[in-house]
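Spelled out, the chains give:
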Amino acid sequence: MIISVQPEVCAQPLSIPSNVSETIGLLIDRAKVDRKGVFWPLGAKYRQIDSARFESSLGYGTSGILLTLLEYYRCTKDREIAELIQKGSAWIQNRVKAETFQHGFYTGAGGQWYLWRELEQVFPGSVGTWSDAARAALTTQAQGEIAASLGFGTAGTIVGALSALDLSDEEVTLLKSPLEQLIGAARFSSEGVFWDFNTTSLRPPLGFLLGNAGVDYCLAHLRRRLNVTYPSLLAGSLARAAALFDARLENWPDQDGMSDFKEIGQAGIEKMLDRSGAMGPELSLKAEYALGWGNGLAGILQSRAVLSVSYNDNRISEQSLADCRKAIMRLSRVTEQELASLDSTLQSGLSGAVLSLQAYARE
């Protein structure tokens, strides 16, 4: 589908720093063309995970790159960028038609809905009746493994729907199916509530993308937007995080560490378990995970900042604010060595830390 650029919906072009333009140039150079449009191939380390699903996703594939290019176009009104966005949008729409509905924000339908909304705001009519299709998808049963996480699961679908579809109070019934799946994925232990996650998680994680903090964030949005509340589940989730908080580290340990697991391989994991009976502490001590947005402290801070406002009238808010103070205290003591060990990414590095601090300041 080729769309017509409508300058009247855009502000005047802005001056863009040269390093940003150079980065956009790199993205353009990496674009590939097939009969369905323009796309960006997956990075090598993601090709063996779930290529078909990741290729069109917001977190790893072409949708996320289109969102970046769209933000650049909003500032520059560059018509070559507009044409590239058009062709990338056509490729995504063709892929979505051929795919079964998948839960998740960063790897599933929720993130694509968010992209459609952004495209529609800049290029009206460019993605057809996407909102009708999204509303219909909410009432269907997703295929394959269904986890609860923000990145891959039902929490991500719900956040995507609330962010992109502008659901009315009457339309809350559209969330019945994913909500039932999300609540049904709650599990209970002596420490508190955890959630049923993807098989890539060796233990129930605490973090934002794959763990409890992301589900807490989803439940906060349900309270804020639709006044739908699950205080008992939230209290249990916060209790589990409190039980696992390590006062010596002044942090919540990373319960996932997928990159570490991949590096040491199945044989290494089995050897570690045989030797110690549990995952070694080195996995939770690495700064890029202990402080990260996806798996560590920064994402927990963002989750708690939203919770403290959404539940501003009870003990959920009190516990959330207490966790915010713990997180800020730990971040205030970050060493130069720890900063140097962080990469630039949203999930594990400096970008995620900045994002969570912005969320905390805004709330």
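To be clear, the structure that these remarks concern was listed above.
A. Main features of the nonpolar core. Core analysis: the largest hydrophobic core is formed by 89 residues, its most contacted members being Trp40, Trp113, Leu175, Leu182, Trp195 and Leu222. It is helix H9 (residues 212–226) that provides the largest number of residues to this core, a total of eight residues. Excluding residues within four positions of it along the chain, Leu222 makes contact with Ile158, Leu162, Leu175, Leu179, Asn227, Val228 and Tyr230.

B. Spatial organisation of the environment of Ser149. Mapping Ser149 onto the fold places it in the loop between helix H6 (130–137) and helix H7 (154–164). Residue classification places Ser149 among the buried residues on the basis of a relative accessible area of 0%. Residues Ser149 and Gly211 lie 62 residues apart in sequence; the distance between their C-alpha atoms is 5.9 Å.

C. Representation of helix H14 (residues 297–310) in the model. Counted at 1.5 Å a residue, the expected span for H14 with its 14 residues is 20 Å, and the 20 Å between its end C-alpha atoms agrees. Where burial is concerned, most of H14 is hidden: 13 out of the 14 residues are buried.

D. Quick peek at the packing of aromatic side chains. One pass over the structure, following the stated rule, counts nine aromatic pairs. Judged by centre distance (5.0 Å) and plane angle (70°), the ring pair of Phe208 and Tyr217 falls under edge-to-face. The same class applies to Phe208 as to Tyr217, namely buried. Put simply, the rings of Phe105, Tyr106, Tyr114, Phe208, Tyr217 and Trp293 pair up and form one aromatic cluster. Over the aromatic face of Tyr311 sits the side chain of Arg223, whose NZ or CZ is 4.6 Å from the ring centroid. The ring of Phe245 carries the charged tip of Lys326 above its face, separated from the ring centre by 4.4 Å.

Conventions and cut-offs
- Residues numbered from 1 in each chain as written.
- Predicted model: local features only at pLDDT ≥ 70, side-chain atom pairs only at ≥ 80, totals over all residues.
- Heavy atoms only, no water.
- Core = buried A, V, L, I, M, F, W, Y, C linked by side-chain atoms within 4.5 Å.
- Buried < 20%, exposed > 50% of the residue type's maximum accessible area, 1.4 Å probe, protein only.
- Helix = DSSP H or I, 4+ residues; strand = E, 2+ residues; numbered from the N terminus.
- Contact = heavy atoms within 4.5 Å.
- Expected span 1.5 Å × (residues − 1).
- Phe/Tyr/Trp six-rings, centres within 6.5 Å; stacked < 30°, edge-to-face > 60°.
- Lys NZ or Arg CZ within 6 Å of the ring centre and 35° of its normal.

Shape descriptors only; they carry no functional weight alone.
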